[in-house]
Amino acid sequence: MVQSSFAEIYLDANATTPVWPEAAQAAFSAMEELYGNPSSSHITGLRARSTLETARSLAKAALGVDTGRIVFTSGATEAIQMAIFSTLCTIRDERLNEPVDGPRYLLYGATEHKAVPQALKHWNHLLGMQAEVCAIPVDSNGLLDLAFIREHAASTDMICTMAVNNETGVVHDLKAVKEAIAPRNPQLRWMVDCVQALGKQQLELADCGIDYAPISGHKIYGPKGIGLLYVREGAPIVPLLAGGGQEGGARGGTENLPGVAAIASILKCLNDPQSDTFADTQTLTQWRDRLVAALKNAFPTIVFNTPFEHAVPTTINFSVEGFSSKEILDLFDAANVRVSSGSACGSAIQGSFVLEAMGLPRWRSDGAVRLSFGPMTPQSDIEAAEVRIVEAGRALSASCLVVSNDVEATPGTVVDGLVQLKKGSACSWVLLDADRQKCVIIDPFEELAERIESLVRCQNSQVVAVLDTHKHVDHVSCRSALLESLRDCALESAFTSHELGWPEQTGSADDAVRLSDGSQADIIRFTDTLVIAKTDLPGHTVDGLAFLVGPETDSQLPAEAVRLAFTGDTILIGGIGRTDFYSSSASDLYNSLSRLPQIIGQDSLICPTHDYTTGFATTLQAETQNNALLNRFAVGSPPPLEEFQQEKVLVDARIDDEANCELVCGHISVTRCDGHSVDLTPEQLPDFFAAHTEALIVDVREPHEFRFTQDWTALGLTQPPQNIPLTRLSNFLSQLLSAPDDRRELIFLCRSGSRSGKAAEVLKRVGRDNVWHIKGGIALGIQRETVPQDDMEYMI
């Protein structure tokens, strides 16, 4: 448990930095006192101009140059555009008089910020240069391929590299790049992105022959909207903004004097050898090492993507095996620690192109998290972050997602009922009986095997069976391998010769029930009241099974008593299983669809093997409302078999596996039914909750996030909401569907409103109308506290 103050810890300095108070004061003073136009010739204007020129001198000193120009811009992106535009315009004009033969290249580092290749391609196209924009490969450490540069330098018009990479912190050897360029093309224009280098390492640009160097103010504790471009003496400048003649004709428009004043105050401090405002490299390295140690403690499977021996000490890029970057980001955000998944200009949490360029495995790219601090980060933040990171690891351990190395880790929260684990569209299900400490695993996927094992071991549960609903076409089940890894906690019944994992039966009448269609089904007696019945459900594959869970009554399992129906890919959310596989049978599927409404209820929860819509689970009633073909089976008037087979061929023909980047098990067509959203400011939430005191308020974040919970009283709640994470939403759905008289309002909430919106949508799709969610989430403006483990409520 976190014992220290739960204030925000900001560790995303590579994205932006807080404004240094002295820089903010300098900007304010400029607005209040230096309001003159620097282009004016009177004394007020001259004072303003003096501020500009002083800032230019300070910038040159910080960059390690004596000559050249400093052009103030709105930021690094504009500075990059100016450098590229100036170079290509000049080359285009030169080519009018002196055409060249053969291909020409515009080179950029493969791990460069996307602003660079996008600008190169943009201006190359608009100016009609017809050069080939080409990425310089990097090695596994992210270092540039100097041989590639040497090979292409003679036929290259411009090269763009970085001083320090924004995602990994990797430092590039600029002198080595110069040595690769100069002998082969001494006139080659070279831009070096210095955004992440300034303030973190000594810059001596004069020694490198660099033509252009962009700098961004908000990456070095200045305000947003101010940056600069260093231009080597003799390098061309063509204004992007013409008119007015400001910046020596390089950029039209009155200068942003408050921004310049702010950045000047920072540069002055940076240039002062007596100042200790910027932490030195030794201190920054010590801080990094402390954070690395905390991360290793928290996450036993962590891998560091930053090669520390080649990087600035302020950036730590890592992945945790078995976790997506979003899961780790949500955990850190719940702990009030701000980190990111990569560049803030493109962190849509979809994999890192930087790590892919380094040749790292896809899972590391998809799971990449960037923790970055700056030379002005308070040491107290580093110390607090160490504690908070370790606590985050303990929270994961308590959620049964990892096996902790921490002897102080909280024991896993007891889980009873159904847990749904997902990776992409793949769904694995674990049904747990907390009282008897038993479980049944259904449709295990290899990508989820480690999580399944962690959950089972964390719960001290004994495995009764590991079941597959069918043999998959595109992969071999990991059932045998998972069972082997769980051998020490698996019952004898789990080791069976049945090809889909069903335990050997004794042949006793006690091992079977009669279903509503009169058929006999073998059962597993799972709890005192619940049985799991096995019945054939072929079609999508000829060996398809369904596992039906419900209370037995007089050796019968009536359709309306079935709470959970694991039907494999026979019924999907928004579709039915395809039958164009070699192991499929449309006629068998016809019979299964005819039979299914007889053996499960309209509100039995169908738990599919694949979820292509993030719909989690569904019901027969919900699917028949949106699927006319399925509806005919549900109402007892199925089409003739031949007509069904013909229509099924047309439906399956609409499946585009290539577009979906995976083998899809059925054509999906979903009608969205958004849950009611409440768009309120944090100040309005207390009144809203006061008006809904009878509602069931549900936080759908995962337990490890909920552990770092809100100050609920500030939201107007007298007690914490119930925590029903999305991994256990299907279990909650089953409980609601089996209690139709419970018509309480349901109000879902989460950090940002995304997951709560999905939960509300799912509830509405299965027939609940009185469902709301807090749009925008509860993250804004709310102070937080840590909830003791014993006080955490779960509905499993």
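About the cut-offs
- Residues numbered from 1 in each chain as written.
- Predicted model: local features only at pLDDT ≥ 70, side-chain atom pairs only at ≥ 80, totals over all residues.
- Heavy atoms only, no water.
- Disulfide = S-S within 2.5 Å.
- Helix = DSSP H or I, 4+ residues; strand = E, 2+ residues; numbered from the N terminus.
- Buried < 20%, exposed > 50% of the residue type's maximum accessible area, 1.4 Å probe, protein only.
- Pairing = 2+ DSSP bridges.
- Axes fitted to C-alpha atoms, helices over the stretch in contact; angles between N-to-C directions.
- Contact = heavy atoms within 4.5 Å.
- Left-handed = near helix turned anticlockwise from the far one by under 90°.
- Nonpolar A, V, L, I, M, F, W, Y, C, P; charged D, E, K, R; others polar.
- Salt bridge = Lys/Arg side-chain N within 4 Å of Asp/Glu carboxyl O.
- Expected span 1.5 Å × (residues − 1).
- 1 Å grid on protein atoms, 1.4 Å probe; cavity = no way out; pocket = protein on both sides within 12 Å on 5 of 7 lines; lining within 4 Å.
- Points joined across faces, edges and corners; volume = space filled by probe spheres on them.
- Core = buried A, V, L, I, M, F, W, Y, C linked by side-chain atoms within 4.5 Å.
- Parallel < 35°, antiparallel > 145°, perpendicular 65-115°, else oblique.
- Phe/Tyr/Trp six-rings, centres within 6.5 Å; stacked < 30°, edge-to-face > 60°.
- Lys NZ or Arg CZ within 6 Å of the ring centre and 35° of its normal.
- pLDDT = per-residue confidence, 0-100.

## Things to note about the state of the cysteines
In step 1: Applying the stated criterion across every chain yields a total of 1 disulfide.
In step 2: Here Cys400 pairs with Cys458 through a disulfide, and the sulfurs are 2.1 Å apart. The disulfide joining Cys400 to Cys458 has a torsion of about -60° about its S-S bond and is therefore left-handed. Of the two residues, Cys400 is situated in the loop between helix 12 (379-398) and strand 13 (417-423) and Cys458 in helix 13 (residues 449-458); the sequence distance between them amounts to 58 residues.
In step 3: With no disulfide partner, Cys134 has as its closest neighbouring cysteine sulfur the one in Cys160, 13 Å distant.
In step 4: The thiol sulfur of Cys194 is not disulfide-bonded, and the nearest other cysteine sulfur, from Cys208, lies at 8.8 Å.
In step 5: On the accessibility criterion, Cys194 (0% relative accessible area) is buried.

## Things to note about the sheet that holds strand 14 (residues 426-433)
In step 1: The strand order across the open sheet formed by 4 strands is 13-14-15-16, and the pairing between neighbours is mixed. One side of each edge strand has no neighbouring strand; the edge strands of this open sheet are strand 13 and strand 16 (462-467). Across the sheet, the axes of successive neighbouring strands diverge by a mean angle of 20°, strand direction being ignored.
In step 2: By the bridge criterion, 5 bridges tie strand 14 to strand 15 (residues 438-442) in an arrangement that is antiparallel. Among the inter-strand pairings, Asp433 is bridged to a residue of strand 15, identified as Lys438.
In step 3: Each of strand 13, strand 14, strand 15 and strand 16 is contacted by helix 13, which is oriented at about 10° to strand 14, the strand it contacts most.

## Some details on the packing of helix 3 (residues 76-97) against helix 4 (residues 115-126)
In step 1: For the pair helix 3 and helix 4, the least separation of the axes is 10 Å and the interaxial angle reads 35°. Considering the relative orientation of helix 3 and helix 4, their crossing is right-handed. In this structure, helix 3 uses Ile80, Gln81, Ile84, Phe85 and Leu88 to contact helix 4, whose residues at the interface are Ala115, Val116, Ala119, Leu120, Trp123 and Asn124.
In step 2: Its residues assigned to classes, the contact of helix 3 with helix 4 shows 9 nonpolar, 2 polar and no charged.

## Section: the pairing of strand 2 (residues 69-73)
In step 1: Buried residues dominate strand 2, accounting for 4 of its 5 residues.
In step 2: Examined bridge by bridge, strand 2 and strand 8 (residues 227-231) share 5 bridges and lie antiparallel to one another. If you follow Thr73 over to strand 8, its bridge partner there is Gly227.

## Some thoughts on the pattern of salt bridges
In step 1: Taken as a whole, this structure holds 37 salt bridges when the rule is applied.
In step 2: Where Asp528 meets Arg436, a salt bridge forms, and the shortest distance between an N and an O atom there is 2.1 Å. Linking Asp528 in the loop between strand 18 (520-525) and strand 19 (530-536) with Arg436 in the loop between strand 14 and strand 15, this pair joins segments that are 92 residues apart in sequence.
In step 3: Its relative accessible area of 69% is what places Asp528 among the exposed residues.
In step 4: With relative accessibility at 36%, the residue Arg436 sits in the partly exposed group.

## Some points on helix 8 (residues 281-298)
In step 1: In this model, helix 8 (18 residues) spans 26 Å end to end at C-alpha, consistent with the 26 Å of a helix rising 1.5 Å per residue.
In step 2: Of the surrounding secondary structure, the elements contacted by the buried residues of helix 8 are strand 9 (302-304), strand 10 (315-320), helix 9 (325-334), strand 12 (369-372) and helix 12.

## Points about the environment of Gln556
In step 1: On the secondary structure map, Gln556 appears in strand 21 (residues 556-557).
In step 2: Each C-alpha atom, one on Gln556 and one on Trp712, is 46 Å from the other, the two residues being 156 residues apart in sequence.
In step 3: Those residues in contact with Gln556, other than ones at most four positions away along the chain, are Val513, Arg514 and Pro551.

## Let's talk about empty space enclosed by the protein
In step 1: Evaluation of the coordinates by the stated rule reveals 3 cavities of 30 Å³ or more.
In step 2: In this model, the largest cavity occupies a volume close to 50 Å³.

## Observations concerning the nonpolar core
One recurring pattern in soluble globular proteins is that nonpolar side chains are buried together.
In step 1: Of all hydrophobic cores here, the largest spans 61 residues; its most connected members are Leu63, Phe72, Trp190 and Leu205.
In step 2: In terms of residues, this core owes the most to one element, helix 7 (residues 257-271), which gives 8 residues.
In step 3: Excluding its chain neighbours within four sequence positions, the residues that come into contact with Trp190 are Ile159, Thr161, Leu174, Val177, Lys178, Ile181, Cys208, Gly209, Ile210, Asp211 and Tyr212.
In step 4: Core analysis: the next-biggest nonpolar cluster, separate from the first, contains 43 residues, Leu500, Phe616, Leu733 and Val766 among them.

## Some thoughts on the packing of helix 15 (residues 586-599) against helix 18 (residues 641-653)
Two measures define how a pair of helices packs: the angle their axes make with one another and the distance between the axes.
In step 1: Look at helix 15 against helix 18: their axes get within 10 Å of each other, and the N-to-C directions meet at 115°. By the angle between their axes, helix 15 is roughly perpendicular relative to helix 18. For the crossing formed where helix 15 meets helix 18, the hand is right-handed. Touching Ala586, Ser587, Leu589, Tyr590 and Leu593 of helix 15 are Leu641, Phe644, Gln645 and Lys648, all from helix 18.
In step 2: Residues belonging to the contact of helix 15 with helix 18 are distributed by class as follows: 6 nonpolar, 2 polar and 1 charged.

## Topic: the environment of Lys423
In step 1: Tracing the backbone shows Lys423 in strand 13.
In step 2: Along the backbone, Lys423 and Ala119 are 304 residues apart, and their C-alpha atoms lie at a distance of 36 Å.
In step 3: In this structure, Lys423 is in contact with Glu447 and Leu448, ignoring residues within four places of it in sequence.

## Describing the sheet that holds strand 22 (residues 564-568)
In step 1: A sheet is described by the order of its strands in space; here 8 strands give the open sequence 21-17-18-19-20-22-25-26, paired in mixed fashion. The two strands at the open ends of the sheet, each matched to only one other strand, are strand 21 and strand 26 (618-619).
In step 2: For strand 18 and strand 19, the ladder comprises 4 bridges, and the chain directions are antiparallel. Bridge pairing in strand 19 places Arg525 opposite Val531.
In step 3: Those strands touched by helix 15 are strand 17 (512-515), strand 19, strand 20 (545-551) and strand 22, and its axis lies near 160° from that of strand 19.

## Here's the deal with the packing of aromatic side chains
In step 1: Under the counting rule described, the total for this entry stands at 14 aromatic pairs.
In step 2: Between Trp287 and Phe373, the aromatic rings sit 6.3 Å apart at their centres with planes inclined by 55°, giving tilted as the arrangement. Here the residue Trp287 occupies a position in helix 8, and Phe373 occupies one in the loop between strand 12 and helix 12, the gap between them amounting to 86 residues. As far as the burial class goes, Trp287 and Phe373 line up, both buried.
In step 3: Site record: aromatic cluster; members linked through ring pairs are Phe299, Phe318 and Phe332.
In step 4: Over the ring of Phe616 we find Lys422, and its NZ or CZ is 4.9 Å from the ring centre.

## Things to note about the confidence of the model for the protein
Fine structural detail should not be taken from predicted coordinates in areas where pLDDT scores are low.
In step 1: Model confidence for the protein is summarised by a mean pLDDT of 90, while 93% of its residues fall at 70 or above.
In step 2: Contacts from residues 1-5, a stretch scored under 50 in pLDDT, to residues over four places away or in other chains number 10 contacts.
In step 3: With pLDDT under 50 throughout, residues 405-410 is counted as low confidence; its partners more than four residues away or in other chains account for 12 contacts.

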